[in-house]
Amino acid sequence: VQLQASGGGLVQAGGSLRLSCAASGRTFSRNSVAWFRQAPGKEREFVASKFRSGYNIVYADSVKDRFTMSTDNAKNTVYLQMHNLKPEDTAVYYCAMSSTVIFSARSHPRAYDHWGQGTLVTVSS
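Below or above, wherever it landed, is the structure these notes cover. Model, not experiment: these values are computed from the prediction.

Focus on the state of the cysteines
Part 1 of the reasoning: Summed over all chains, the structure comprises one disulfide.
Part 2 of the reasoning: Across the disulfide, C21 is cross-linked to C95 (sulfur-sulfur distance 2.0 Å). Its torsion about the S-S bond being 65°, the disulfide of C21 and C95 is classed as right-handed. Of the two residues, C21 sits in strand β3 (residues 17-24) while C95 sits in strand β9 (residues 91-98), which places them 74 residues apart along the sequence.

This is how it looks when you write it as C-alpha cells:
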C-alpha cells in the first residue's frame with residue numbers, strides 16, 4: 001500500500017489550500033482513512049477521519065467548520081479542503097489508512113498502519 005500526499009504550500013492567513021492523498025494497492029472505500037498533522041516540536045495530532053464507508057467524517061475541534069474531508073472513490077483519492085487558514089495550522093500534514101482501526105481509536109495515529117510521506121503547509125501571518 002502506498003499513499004501519496006500532495007497539495008501543501010505557502011499561503012497567507014485566511015487563505016485556502018486543498019490537500020490530496022492518492023492510494024495504490026488498497027481502496028479507501030473499504031478502509032478507515034484520516035488526516036493528521038505535526039507542527040515542529042509537537043506531537044502528531046488528529047485533524048479528520050472517516051471510519052469506513054457509511055460513517056460520518058469527524059473533525060478536530062480546532063479545524064471544524066474550516067476544513068472539509070472528502071473522498072473520490074473513482075480516483076481512490078482523499079482530499080482535505082482547508083479554508084480560513086491560520087498560522088497555527090502550519091504543519092506537515094499526513095494521510096493515513098487502516099483496515100483494522102476500531103471506532104473508538106479512529107483519532108489516534110497509532111491506530112493507522114499506512115502513512116503518506118506528508119506535505120508541508122505553511123501559513124504566514
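What follows continues from the structure just given.
Some points on the pairing of β9
Part 1 of the reasoning: Most of β9 sits out of view: seven of its eight residues are buried.
Part 2 of the reasoning: Summarising the sheet, strand β4 (residues 32-38) and β9 pair through seven bridges and their orientation is antiparallel. Counted as the bridge partner of A34 is A96 from β9.
Part 3 of the reasoning: Two elements, β9 and strand β11 (residues 119-124), share three bridges in a ladder whose sense is antiparallel. Note on β11: the bridge partner recorded for A91 is V121.
Part 4 of the reasoning: Pairing of β9 with strand β10 (residues 114-115), which is carried by two bridges, proceeds in the antiparallel orientation. Considered in β10, the bridge of M97 is made with H114.

Conventions we followed
- Residues numbered from 1 in each chain as written.
- Predicted model: local features only at pLDDT ≥ 70, side-chain atom pairs only at ≥ 80, totals over all residues.
- Heavy atoms only, no water.
- Disulfide = S-S within 2.5 Å.
- Helix = DSSP H or I, 4+ residues; strand = E, 2+ residues; numbered from the N terminus.
- Buried < 20%, exposed > 50% of the residue type's maximum accessible area, 1.4 Å probe, protein only.
- Pairing = 2+ DSSP bridges.

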